[in-house]
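# Observations on the model geometry
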Amino acid sequence: MFKIVTIPGDGIGPEVVSSAVQVINALEKKYDLEVSIEEHLFGGASYDVHSEMLTEETLEACKNCDAVLLGAVGGPKWENLPHEKKPEAALLKIRKELGLFANFRPAKVYDALVNASSLKPDILSGTDFMVIRELTGGIYFGQPRGYDENKGWNTMVYEKYEVERIARLAFETAMKREKRLVCIDKANVLECSQFWRNIVHEVHKDFPDVELTDMYVDNAAMQVVRDPKQFDVIVTKNLFGDILSDISGMITGSLGMLPSASIGKNHALYEPIHGSAPDIAGQNKANPIATIASVAMMFEHSFSMQHVADDIYKAIEKTLESGMRTADIANSDDNIASTTEITDAITAKLEVS
Ligand code: NAD
């Protein structure tokens, strides 16, 4: 029995999570799986009821399941709350509480969408790499932090164990792929980065089959748009990963296509990388593919059922090949499909394949 907690959140979150649940139900039947799905409030939806973005009840549920599926949180309604009450603070808290220290973001181009990117098709075609970002340390959590009327300050700090565990995960991921890892840092300027690099090289001794390259983050940002095919696996700290994973994602098409997995020792959370898209919320326009692909990552990482994950990816690919597109990935002459239409098409392809 797989126990999944869904936290749809705000804006388009409930729409795309409902699509993902439809896919999970289809897989349950197809593969005779036993899956329990329990829904909880999070973000603005929780704040409106409990005056808290993340309640103890939701947190406990997330700690007592096999995997969490999150939609998106936030929106204009909650933008003016104090910093510590904002949805972003709740997202940081849930990652920290669940110990989700590694964020995986695939940057993979679907052949059918090679023209949807801002990059030229010949540069992009065949791109397939994984960005692994450290998620619970570095400057986003370091103390001291704060600001007064004269200055603002944050602290970039990493402990040895924090670098070791993510480096190990990155080398293990590279071993399952093309065995090439690029460590991205700013070791020419930041002592914290030099430390990070030293530890990654120490861990490398346990993975001699992986080719390890160092790259400065400013160069990496250029390389991702100049020649994305050169990458297999990237590992980097929280701040740099935040930016690089967005660039890497965007070159492959729309925000609506991009899944992610956040992994810890005992817990895992899967979510699309996009936000709550208040501009299209409630209109059946959202692209659910990022969330459905997040379910594929869940089957891959949390349930070790690669064949089910591959089935989902194939159903997405076939649906795109059939020409079906939500507005965010459509060309001007395409018929535009709604969230529910594209979800039905993907589900139908799963059932017949
Ligand atoms: P956003 O990702 O919500 O939207 C950016 C643009 O992309 C919008 O035009 C939106 O319509 C479009 N878009 C996003 N997802 C889409 C999808 N699945 N299908 C079709 N189009 C899609 O980013 P934003 O506008 O900067 O933020 C909106 C709210 O979401 C803010 O409150 C922000 O704080 C929050 N946010 C939450 C998360 C999260 O929950 N992890 C991440 C980012 C932003």
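Our structure's up above, just so we're on the same page.
These numbers come from a predicted model, not from an experiment.

### Structural notes on the overall build of the protein
- Counting secondary structure elements, the protein contains twelve helices and twelve strands.
- Against the globule reference of 20 Å for 353 residues, the protein gives a C-alpha radius of gyration of 20 Å, in line with a compact fold.
- Judged by the C-alpha coordinates and their principal axes, the protein covers about 55 × 50 × 40 Å.
- Counting only residues that meet the buried cut, the protein has 53% of its 353 residues in that class.
- Restricting to contacts in the protein with at least 6 residues of sequence separation, those with at least 24 account for 75%.
- Surface accessibility of the protein: about 15,800 Å² in total, with carbon and sulfur atoms responsible for 50%.
- Of the charged side chains in the protein, 35 are positive and 53 negative; the average position of the first set lies 4 Å away from that of the second.

### A look at helix α4 (residues 87–97)
- Among the residues of α4, Pro87, Ala90, Leu91, Ile94 and Arg95 are the ones counted as buried. One side of α4 carries all its buried residues, which in axial view fall inside an arc of 135°.
- Against the buried residues of α4 lie β1 (2–9), α3 (56–63), β3 (67–72), β5 (128–134) and β12 (268–272).
- The positive-phi residue at the C-terminal boundary of α4 is Gly99, with phi of around 65°.

### Regarding the packing of aromatic side chains
- In total, this model carries six aromatic pairs according to the counting rule given.
- Centre to centre, the rings of Phe2 and Phe303 are 4.0 Å apart; their planes meet at 10°, and the pair counts as stacked. Of this pair, Phe2 sits in strand β1 while Phe303 is found in the loop between α10 (289–301) and α11 (306–321), placing the two residues 301 residues apart along the sequence.
- Its relative accessible area of 8% is what places Phe303 among the buried residues.
- Here Phe129 and Phe231 contribute two aromatic rings whose centre-to-centre distance is 5.5 Å and whose plane-to-plane angle is 50°, an arrangement assigned as tilted. Pair noted here: Phe129 is in strand β5 and Phe231 is in the loop between α8 (217–226) and β10 (233–236), with a separation of 102 residues, a long-range link.
- Feature note: the residues Phe2, Phe299 and Phe303 constitute an aromatic cluster, connected by ring pairs.
- We note Lys96 situated over the ring of Phe141; from NZ or CZ to the ring centre the distance is 4.6 Å.
- Between Lys151 and the ring centre of Trp153, over which it is positioned, the NZ or CZ distance is 5.4 Å.

### Details of the site of the ligand
- Residues in close proximity to the ligand total 20 residues, the closest being Val73, Glu88, Gly275, Ala277 and Asp279.
- Contact between the ligand and Gly75: an oxygen atom at 2.9 Å from a main-chain N or O atom of the residue.
- A distance of 2.8 Å separates an oxygen atom of the ligand from a polar side-chain atom of Asp279.
- Relative to its unbound accessible area of 810 Å², the ligand is 69% covered by the protein chains.

### Looking at the sheet that holds β3
- One open sheet holds the ten strands; their spatial order is β2-β1-β3-β12-β11-β4-β5-β10-β8-β9, and the pairing between them is mixed. Looking along the sheet, the strands with just one partner apiece sit at the ends: β2 (35–39) and β9 (211–216). Strand-to-strand twist across the sheet, computed as the mean angle between neighbouring axes with direction ignored, equals 20°.
- Sitting on the sheet, α3 touches β1, β2 and β3, and the angle it makes with β1 is about 145°.

### What to know about the nonpolar core
- Counting residues in each nonpolar core, the largest one holds 66 residues, and the members touching the most others are Phe104, Phe171, Leu181, Tyr270, Phe299, Ile312 and Ile316.
- With eight residues, α10 is the largest single contributor of residues to this core.
- Contact partners of Phe104, with chain neighbours within four places excluded, come to Met130, Val131, Ile132, Leu169, Thr173, Pro259, Ser260, Ala261, Ile263, Met297 and His301.
- In this structure, Cys65, Ala90, Leu91 and Ile94 belong to the second largest nonpolar core, which totals 20 residues.

### Some details on the pattern of salt bridges
- Tallying each qualifying case throughout the model produces 13 salt bridges.
- For Lys160, the salt bridge is made with Glu202, and the minimal N-O distance between the two is 3.7 Å. In this pair, Lys160 sits in helix α6 (residues 160–176) while Glu202 sits in helix α7 (residues 191–204), placing the two residues 42 residues apart along the sequence.
- Linking Asp214 and Arg197 is a salt bridge whose minimum nitrogen-to-oxygen distance equals 3.9 Å. Here the residue Asp214 occupies a position in strand β9, and Arg197 occupies one in helix α7, the gap between them amounting to 17 residues.
- Taken together, the shared-partner salt bridges connect Asp128, Arg177 and Asp232 into one network.

### Some words on the environment of Pro82
- Mapped onto the secondary structure, Pro82 falls in the loop between β3 and α4.
- Overall, the relative accessible area of 40% leaves Pro82 in the partly exposed class.
- Spatially, the C-alpha atom of Pro82 lies 33 Å from that of Ile37, the residues being 45 residues apart in sequence.

### Remarks on the environment of His40
- Mapped onto the fold, His40 is located in the loop between β2 and α2 (44–50).
- For the pair His40 and Thr55, spaced 15 residues apart in the sequence, the C-alpha separation amounts to 9.6 Å.
- Among residues more than four places away in sequence, those in contact with His40 are Val5, Thr6, Ile7, Pro8, Glu57, Thr58 and Ala61.
- Here Glu38 takes part through its side chain, which lies 2.6 Å from a polar atom of the side chain of His40.

Definitions and limits used
- Residues numbered from 1 in each chain as written.
- Predicted model: local features only at pLDDT ≥ 70, side-chain atom pairs only at ≥ 80, totals over all residues.
- Heavy atoms only, no water.
- Helix = DSSP H or I, 4+ residues; strand = E, 2+ residues; numbered from the N terminus.
- Rg over C-alpha atoms; globule rule 2.2 N^0.38 Å.
- Buried < 20%, exposed > 50% of the residue type's maximum accessible area, 1.4 Å probe, protein only.
- Contact = heavy atoms within 4.5 Å.
- Areas by Shrake-Rupley, 256 points an atom, 1.4 Å probe, with all protein chains shown as cover.
- Lys, Arg positive; Asp, Glu negative; His and termini not counted.
- Charge placed at Lys NZ, Arg CZ, Asp CG, Glu CD.
- Arc of directions from axis to C-beta.
- Phe/Tyr/Trp six-rings, centres within 6.5 Å; stacked < 30°, edge-to-face > 60°.
- Lys NZ or Arg CZ within 6 Å of the ring centre and 35° of its normal.
- Near = heavy atom within 4 Å.
- Polar contact = N/O pair within 3.5 Å; in protein donor to acceptor, adjacent residues only side chain to side chain.
- Pairing = 2+ DSSP bridges.
- Axes fitted to C-alpha atoms, helices over the stretch in contact; angles between N-to-C directions.
- Core = buried A, V, L, I, M, F, W, Y, C linked by side-chain atoms within 4.5 Å.
- Salt bridge = Lys/Arg side-chain N within 4 Å of Asp/Glu carboxyl O.

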